[in-house]
Amino acid sequence: MPGQAGKVACVTSSLLPTTPSAVTLSQLRTALLSLHVEKLLAANGFQVYNSNGGCQSSVLSLFDVVALDAASSAGPVSSLHEETADVNSVRDKLLEVASSSPFTVGNQQTSQADEMLPVSKDKATAMAIDAKMFLEHQKLRRGGQGYDKNIGLINIKVAEAWSSVFEQVVTLEAARERLNDKAPSVVVHVTAVGRQFHQQQVDLLWRLLGNLPIPQTHVVHGRVASQKDRGNVNGLSAADFVKLRVEQMKEASVVKYGDHVKGEGWEKTIGVTTSGVIKFELLGTTPILNVKLDLSEKGHPLNNKGGSFVLYNYARLSTLFQHFEEDVEIGEKIHIIDYQIHNY
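Model, not experiment: these values are computed from the prediction. (Residues numbered from 1 in each chain as written. Predicted model: local features only at pLDDT ≥ 70, side-chain atom pairs only at ≥ 80, totals over all residues. Heavy atoms only, no water.)

Asks: Any details on the overall build of the protein? Residues and values, ideally.
Replies: The secondary structure content of the protein amounts to 10 helices and 12 strands. Evaluated residue by residue, the protein yields a buried proportion of 42% over its 344 residues. Partitioning the contacts of the protein with sequence separation of at least 6, the portion at a separation of at least 24 is 82%. When the accessible surface of the protein is split by element, carbon and sulfur atoms take 54% of a total near 18,800 Å². (Helix = DSSP H or I, 4+ residues; strand = E, 2+ residues; numbered from the N terminus. Buried < 20%, exposed > 50% of the residue type's maximum accessible area, 1.4 Å probe, protein only. Contact = heavy atoms within 4.5 Å. Areas by Shrake-Rupley, 256 points an atom, 1.4 Å probe, with all protein chains shown as cover.)

In structure tokens:
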């Protein structure tokens, strides 16, 4: 996307508020993929804003080196989640739009894959949006690469609860208002395949209630599973996974370097290397495909051709180039000839 300087991108995800100890492997993949998308957009000249930064930071706090890495992206990535906003006024504004919309219907049944969040006030009648009618009116594609053909009613409120879809739309609209005159030119939804239906509902409801003429695109990733006979992913939290990889990296380092592996310097090195290994494992394949992890305690990260292999060889090449430059400076070697001056 060259030539996009000055453009604004908003990145959101299907992550829900949680504690670091409760983060799942799928949520960790969502957070890392979202961070990667932000970096790609920033590197291509976009001003990037994350409307779900609070949830993402909570996930990435599992290992600080990844959170620190976020600050080194090629451009500023700002979190809109942490800023104060009058969410109630935004909710009221969206409800007013919904009440006068021709696509609004009365509804006493929850729509598919919906979750309900409790509210403490406003006992208004249940309300929903006929998304199928809206899709037809907007001539938006359904099925295949378009919106899920099973999307019908999207609940805004049922009985005493706001739907989680509506609450996420409220958060997104509040984030958009905080941008003031920096209108997003694209919105990117990052979501796990199991949350794709939910996130498409968010997309459509925001498109309708927020009068959003902005392109929205969805980056969907597959599930996280374990390799056959290499451990069990069931019941394993992201925190357990990070701990397992840290211990394996420590063990591998001790085998290679012996008693020298101790102290703050080595702890930092092992932490950085472990974060690199985890990112390679979860991002090293096409997003839509499932990731299969080796979760056995005896499966050393250094035994495969993944992140540790790449990092190790990158370090070796960097050292070779550094020594070469030092030899050039003292006159023992000459500069590498610029290949561009030759006509091959």
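Asks: Any chance you could break down the packing of aromatic side chains for me, citing the residues and the numbers?
Replies: Describing an aromatic ring pair means giving the distance of the ring centres and the angle of the ring planes. Inspection of every chain in the model, using the stated rule, returns 3 aromatic pairs. Ring plane angle 45 degrees and centroid distance 5.4 Å describe the contact between Trp-162 and Phe-166, whose orientation is recorded as tilted. By the burial criterion, Trp-162 is buried, and Phe-166 matches it. Summarising the aromatic geometry, the rings of Tyr-257 and Trp-266 are spaced 5.3 Å apart at their centres and angled 50 degrees between planes, so their arrangement reads as tilted. (Phe/Tyr/Trp six-rings, centres within 6.5 Å; stacked < 30°, edge-to-face > 60°.)

Asks: Any chance you could break down the confidence of the model for the protein for me, citing the residues and the numbers?
Replies: For the protein, the average pLDDT comes to 81, and 82% of its residues sit at 70 or higher. Contacts for the low-pLDDT stretch residues 70-75, under 50 throughout, to residues beyond four places or in other chains number 7 contacts. Here residues 116-121 is modelled with pLDDT under 50, and outside its nearest four sequence neighbours on either side it reaches 17 contacts, counting other chains as well. (pLDDT = per-residue confidence, 0-100.)

Asks: I'd like a description of the packing of helix α5 (residues 131-138) against helix α7 (residues 196-209), backed by residues and values.
Replies: Between α5 and α7, the shortest axis-to-axis distance is 11 Å and the interhelical angle comes to 65 degrees. By the angle class used here, α5 and α7 are roughly perpendicular. In terms of crossing hand, the pair formed by α5 and α7 is left-handed. Mapping the contact onto sequence places Ala-131, Phe-134 and Leu-135 in α5 and Leu-204, Arg-207 and Leu-208 in α7. Among the residues making up the contact of α5 with α7, the classes are represented as 5 nonpolar, no polar and 1 charged. (Axes fitted to C-alpha atoms, helices over the stretch in contact; angles between N-to-C directions. Parallel < 35°, antiparallel > 145°, perpendicular 65-115°, else oblique. Left-handed = near helix turned anticlockwise from the far one by under 90°. Nonpolar A, V, L, I, M, F, W, Y, C, P; charged D, E, K, R; others polar.)

Asks: Outline the pattern of salt bridges, supporting the account with residue identities and numerical values.
Replies: Close approach of charged atoms lets side chains of opposite charge pair. Overall, the coordinates contain 7 salt bridges when judged by the stated rule. Where Lys-93 meets Glu-173, a salt bridge forms, and the shortest distance between an N and an O atom there is 2.9 Å. Taken together, the residues span a long stretch of sequence, with Lys-93 in helix α4 (residues 87-99) and Glu-173 in helix α6 (residues 164-178) at a distance of 80 residues. The exposure class assigned to Lys-93 is partly exposed, which follows from its relative accessible area of 32%. The partner of Lys-93 in a salt bridge is Glu-177, with the nearest N and O atoms 2.7 Å apart. One end of the pair, Lys-93, is in helix α4; the other, Glu-177, is in helix α6, with 84 residues separating them in the sequence. (Salt bridge = Lys/Arg side-chain N within 4 Å of Asp/Glu carboxyl O.)

Asks: Residue-level account of the nonpolar core, with values.
Replies: Counting residues in hydrophobic clusters, the biggest one holds 32 residues, and the most contacted among them are Leu-94, Ile-154, Ile-156, Phe-166, Leu-204, Leu-205 and Leu-209. Residues within four places of Leu-204 in sequence aside, it is in contact with Ala-131, Phe-134, Leu-135, Leu-140, Tyr-147, Ile-151 and Ile-154. (Core = buried A, V, L, I, M, F, W, Y, C linked by side-chain atoms within 4.5 Å.)

Asks: Which residues make up a nonpolar patch on the surface, and what are the values?
Replies: A grouping of Phe-280, Phe-309, Val-310 and Leu-311 is seen on the molecular surface, where their side chains present a nonpolar patch of about 300 Å² in accessible area. Counting residues per element, the nonpolar patch draws most heavily on helix α10 (residues 307-329), at 3 residues. Structurally, the position occupied by Phe-309 is in helix α10. (Patch = residues over 30% accessible without salt bridge, like charges linked within 9 Å, V, L, I, M, F, W, Y side chains within 5 Å.)

Asks: Any chance you could break down unusual backbone geometry for me, citing the residues and the numbers?
Replies: Of note in the backbone geometry, Lys-139 takes a positive phi value of approximately 55 degrees without being a glycine. Of note, Lys-139 is situated in the loop between α5 and β7 (153-158). The class of Lys-139 is exposed, set by a relative accessible area of 74%. With a phi close to 50 degrees, Asn-211 is a non-glycine residue in the positive phi region.

Asks: Could you give an account of the side chain of Gln-200, naming the residues involved and the relevant values?
Replies: Here Gln-200 shows up in helix α7. Separated by 2.6 Å, the side chain of Gln-200 and the backbone nitrogen of Asp-148 make a polar contact. Residue contacts for Gln-200: discarding those within four places in its chain leaves Gly-146, Tyr-147, Asp-148, Ile-151 and His-218. (Polar contact = N/O pair within 3.5 Å; in protein donor to acceptor, adjacent residues only side chain to side chain.)

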